[in-house]
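Descriptive analysis of the structure
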Amino acid sequence: MIPKNEKREIGDEAVWSLSTAKPGNGVEQLRDDNNDTYWQSDGSQPHLINIQFHKKMSIVEVGFYLDYKLDESYTPKKLSVRAGTTFHDLEEVHLLELEEPNGWIYLPIGKIANHGGQKVLRTHFLQIEVLAMHQNGRDTHIRQVKIYGPRQSSNHRMLHSAQAGGQFTSSEFEVHFMENITEQLRKIKEQRSSNEKNRMNVVPVASCRVQVEALYMELDLMRLQTEKSREHDWRPHNLVPVPPVSHSVHKLDNVLFIFLCLAVLLCQSLYTGDMGK
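Here the residue index of a chain counts from 1 through its sequence in written order. Per-residue local features of the predicted model are confined to residues with pLDDT of at least 70, and side-chain atom pairs are confined, for both listing and counting, to 80 or more; whole-chain, interface and lining totals are unaffected and use all residues. Note that water and hydrogens are dropped before the side-chain values are worked out from all heavy atoms of the structure.

1. Thoughts on the sheet that holds strand β5 (residues 61–67)
- Note on pairing: DSSP must find at least two bridges between two strands before they are called paired. Helix numbers and strand numbers start at the N terminus; a helix is a DSSP run of H or I with at least 4 residues, a strand a run of E with at least 2. Across the sheet, four strands lie side by side as β1-β11-β5-β8; this open sheet has antiparallel pairing. Each of the sheet's edge strands pairs with one partner strand only, and the pair in question is β1 (7–9) and β8 (102–107). Taken pair by pair, the neighbouring strands of this sheet meet at an average axis angle of 25°, ignoring direction.
- Direction of pairing for β5 relative to strand β11 (residues 144–150): antiparallel, over a ladder of five bridges. If you follow V62 over to β11, its bridge partner there is I147. Every axis corresponds to a line fitted to the C-alpha atoms, with the helix fit spanning only the stretch in contact, and the corresponding angles, defined between N-to-C directions, vary from 0 to 180 degrees.

This is the structure in structure tokens:
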């Protein structure tokens, strides 16, 4: 099993479909993070779970939650995991045989595929086929399925995409931009706080400019947050939600601009006056 800090669940980025399902026991129950619910097939074998991504993804692990004590003859005994681009070019990556499983079963599919020595499975399409049940059962119960990709920082993802000649997605760019601008603001604020503790009566013009630039960056960040807060589901899961900014921010733009101009002029005047003495 891969440690949690080295993987992330990417199943929500895919489109899921099933070969058959009993009403009330379908994809929603398979993905609801509740081990008391389950998918139940409703037809002839083989039973299929289809997981299709909109782009080629890196997969390191697949997790199944099975409970032989509760499901008995509905419990899968043999599973085939296949990968490809479409239904027509799927190839088996691994055949998993189980004996009365209870709890989470993790399949290190990335290590098994080992594409390019990276210990990941790169694919658009993943299919899980239930080939046989315990006690020669007909239909199957699978309580949960999780798909895991490698956990990477946003800078590493963007560097990897650039090296591969790929394009950044809008969400990747937003995360990268927000992280960078937040980090820059933090450093400027720390510098400003340090300067304020050691400042003299006269503040150099260069220091004023740094403060003005920081205020401008804060304003831009508030504008971006305000615009994005009007959209639905714009943030990736790993981005901490930012509370919406009041619309009064836009009304204060002109006043803030005038204040910044006066601050620069005042600093220049003080600096010039001090040099004249």
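What follows picks up the thread again.
2. Brief notes about the confidence of the model for the protein
- Considering every residue of the protein, the mean pLDDT works out to 77; 56% of them sit at 70 or more.
- Scored from 0 to 100, pLDDT reflects the predictor's confidence in each residue. By the convention used here, residues are in contact when the closest approach between their heavy atoms is within 4.5 Å. Every residue in residues 232–243 is under pLDDT 50, and counting partners more than four places away or in other chains gives 11 contacts.
- Across residues 245–251, where pLDDT falls below 50, the model places 10 contacts with residues more than four positions away in sequence or in other chains.

3. Concerning the nonpolar core
- I49, V145 and I147 are the most contacted members of the largest nonpolar core, which has 29 residues in total.
- For this core, the elements supplying multiple residues, two or more each, are β2 (14–18), β4 (47–59), β5, β6 (76–84), β9 (121–133) and β11.
- Excluding residues within four positions of it along the chain, I49 makes contact with W16, S17, L18, L30, W39, L126, Q127, I128, I142 and V145. Nine residue types can take part in a nonpolar core, namely buried Ala, Val, Leu, Ile, Met, Phe, Trp, Tyr and Cys, and a core is a set of them joined through side-chain atoms within 4.5 Å. A simple rule labels every residue: compare its accessible area, found with a 1.4 Å probe on the protein chains alone, to the largest value its type can have, and call it buried under 20%, exposed over 50%, or partly exposed in between.

4. Notes on the packing of aromatic side chains
- In this analysis, rings of Phe, Tyr and Trp, with Trp reduced to its six-membered ring, are considered paired at centre separations within 6.5 Å, and the interplanar angle assigns stacked below 30 degrees, edge-to-face beyond 60, and tilted for intermediate values. All told, the structure shown has four aromatic pairs when counted by the stated rule.
- Consider the rings of F87 and F125, whose centres lie 4.8 Å apart with planes at 65°: the pair is edge-to-face. Residue F87 is found in the loop between β6 and β7 (91–97), and its partner F125 is found in strand β9; the two are separated by 38 residues along the sequence.
- For F87, a relative accessible area of 48% puts it in the partly exposed group.
- The buried category is assigned to F125, whose relative accessible area is 1%.
- Here the basic side chain of K7 rests over the ring of Y106, its NZ or CZ set 4.7 Å away from the ring centre.
- We count a charge as sitting over a ring when the NZ of a lysine or the CZ of an arginine lies within 6 Å of the ring centre and within 35 degrees of the ring normal. For K7, the ring lying beneath its charged end belongs to Y148, and the centroid distance is 4.2 Å.

5. Things to note about the pairing of β9
- Two strands pair when backbone bridges link them, and β4 and β9 are joined in this way by nine bridges, in the antiparallel orientation. If you follow I51 over to β9, its bridge partner there is L126.

6. Observations concerning the pairing of β7
- Bridge count between β6 and β7: six bridges; the pairing is antiparallel. In the sheet register, A83 faces β7, and the bridge partner there is E91.

7. Quick look at the side chain of D67
- Turning to its location among the elements, D67 is positioned in strand β5.
- As used throughout, the charge tally considers Lys and Arg to be positive and Asp and Glu to be negative, leaving His and the chain termini uncounted. Salt-bridge detection follows one rule: a side-chain nitrogen of Lys or Arg within 4 Å of a carboxyl oxygen of Asp or Glu. An unpaired buried charge is present at D67: no salt bridge exists, and R143, the closest side chain of opposite charge, is 4.8 Å distant.
- In protein, a polar contact requires one atom able to donate a hydrogen and another able to accept it; more generally it is a pair of N or O atoms within 3.5 Å, and residues adjacent in sequence count only if both atoms are side-chain atoms. Of note is the side chain of D67, whose polar atom sits 3.2 Å from the backbone nitrogen of K69.
- In this structure D67 touches E72, T75, P101, N102 and R143, once residues within four positions along its chain are discounted.

8. Topic: the pattern of salt bridges
- Summed over the entire model, instances satisfying the criterion amount to nine salt bridges.
- With its nearest N and O atoms 2.5 Å apart, the salt bridge here joins E61 to K7. You can see E61 sitting in strand β5 and its partner K7 sitting in strand β1, a full 54 residues away along the chain.
- Taking relative accessible area as the criterion, E61 reaches 1% and is therefore assigned buried.
- Exposure remark for K7: the relative accessible area of 4% places this residue in the buried category.

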